[in-house]
Amino acid sequence: MQVGFYGHVRQYHNLKQEIDGAIREVLESGSYVTGPTLARFEGELAAFCEMQYAVGVNSGTDALWLAMMALGIGPGDEVITVANTFFATAEAIWIVGAKAVFVDSDAKTKNIDVSRIEAAITPRTKAIVPVHLYGQLAEMSAIDKIAKKHGLAVIEDCAQAIDAAGDGFRVGQFSDAVALSFIAHKNLGTPGDAGAVITDRADVDKEVKRLRNHGSTARSVHSFGFNSRLDDLHAGMLSVKLKYITAWNDRRREIAQQYNQRLAGTSLELPYEKPGYRHVYHLYVVEHDKRDDLLEFLNKAGIDAKCHYPIAIHQQEGYPWGKEADPRPSLPNSERNAARCLSLPMFPELTQEEIDCVAAKVVEWDKANA
Ligand SMILES: Cc1ncc(COP(=O)(O)O)c(C=O)c1O
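Now for a quick tour of the structure. Keep in mind the model is a prediction, meaning the values are calculated, not measured.

Rules and cut-offs
- Position labels on residues start from 1 in each chain and follow its written sequence.
- pLDDT decides what is reported in this predicted model: residues at 70 or higher carry local features, side-chain atom pairs at 80 or more are listed and counted, and totals for whole chains, interfaces and linings draw on all residues regardless.
- Calculated side-chain values reflect all of the structure's heavy atoms, with hydrogen atoms and water omitted.
- With a 1.4 Å probe rolled over the protein chains alone, any residue whose accessible area is under 20% of its type maximum counts as buried; one over 50% counts as exposed, and the rest are partly exposed.
- Counting from the N terminus, the helices are DSSP H or I runs at least four residues long and the strands are E runs at least two residues long.
- The arc under discussion is defined with respect to the helix axis, by the directions toward the C-beta atoms.
- Whether two residues touch is decided by their heavy atoms; if any such pair falls within 4.5 Å, the residues are in contact.
- A strand pair is defined by DSSP finding two or more bridges across the two strands.
- Definition used in this section: a nonpolar core is a set of buried Ala, Val, Leu, Ile, Met, Phe, Trp, Tyr and Cys residues joined via side-chain atoms within 4.5 Å.

## A closer look at helix α6 (residues 140-150)
Move 1: Within α6, burial applies to M140, I143, D144, I146 and A147. Buried residues along α6 cover an arc of 170 degrees about the axis, so they all sit on one side. Exposed side of α6, more than 90 degrees from the buried face: K145, K148 and K149 are the residues found there.
Move 2: Along its buried surface, α6 packs onto β4 (125-128) and β5 (153-157).
Move 3: Remark: G151 follows α6 within two positions and exhibits a positive phi of approximately 65 degrees.

Next comes the structure, spelled out in structure tokens:
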């Protein structure tokens, strides 16, 4: 049996009529860039996230650096984040010309270890960028306290965690801006690149809107900016899919529970869900010292497992490419995570047969190899 890692095509088939209808509607409208479909989706997204503003942009990466730029972060500034994340988190810091300062991750949640943040703060520190890795929120209330004490901005990298929640707090509650990604494989994904900044700050909303559109807020009137708009075709498809995101995330949580039950008692380290948190399992990541062996076994058995992320940012070849960053940060937990992580297939359209097959193969490997 073959088990894929992504369910994009199945999702399209399940929603074919609605998606095709949304595409047709935009095509027939003749309005494809910053048109009414984008405006409608931005309103729907803001309402869904319980935030004042949502600005659609080209990608999650652009959402991160546009938010930083809108908050005035640039050359000479330091931004604290983690190294066990998708590369774009740090890349966005370098794009605005700031220094990326890596703090180690927590051994259990794999999110930023909040107890280590204060030691990394210097007079140049301007912001903290917590990443909600794998779909579980970082400890935002603790981050908020540190940020307030030191006068720092907070930008949430929420590329993997739309519709997640903390213990009594929601995404965006403790930050100046939140970056979302809608690239195809995200929990809310469109067939292409897309992202958004959500915020409660009117000044951030206004500035990101200006920056994403050639520095323009009125036709033919420009100041320096960029072209990073979310186009109406993607906005139309995302608008359809947004209605299903909670049900899809519930299904991801259900599949995670099944994996947890089936893999309990094996030698694998299973995902840690913080009590009271709503983890939305963008990825179901296990850890093992013999990760490469397990990966090869699963791949040979027809199961498409992957690693997120097998090379921490500071371990990438050529790091830091002349950009500002500590050349040899001490990040033992992030390095351990990179060396041991393995993601099992996780998407709402997985069938019971597929879930059973993945779990059985992992157990089979564990019995023979652990
Ligand atoms: C944690 C994280 N940050 C940032 C990004 C960048 O998003 P995008 O690919 O839409 O630019 C991604 C996803 O790709 C991600 O997983």
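Now, onward.
## Re the side chain of H132
Move 1: With respect to the helices, strands and loops of the structure, H132 is situated in the loop between β4 and α6.
Move 2: In this structure H132 comes out as buried when scored by relative accessible area, which is 0%.
Move 3: Among all residues touching H132, those that are not within four sequence positions of it are N111, L137, A138, M140, E156, D157, C158, Q160 and A161.

## Brief notes about the pairing of strand β1 (residues 53-57)
Move 1: The element β1 is largely enclosed, with a buried count of four among its five residues.
Move 2: Taken together, the five bridges between β1 and strand β7 (residues 195-199) define a ladder with antiparallel strand orientation. Paired with A54 across the two strands is I198, which belongs to β7.

## Focus: the nonpolar core
A general tendency of soluble globular proteins is for nonpolar side chains to be buried together.
Move 1: Grouped together as the largest cluster of nonpolar side chains are 85 residues, with contacts concentrated most on L45, I117, F182, Y259 and L344.
Move 2: By residue number, the principal contributor to this core is helix α9 (residues 245-263), which donates six residues.
Move 3: Apart from the residues within four sequence positions on either side, Y259 is in contact with Y284, L344, P345, M346, L350, I355, V358 and A359.
Move 4: Core analysis: the next-biggest nonpolar cluster, separate from the first, contains 37 residues, A90, A92, V96 and A127 among them.

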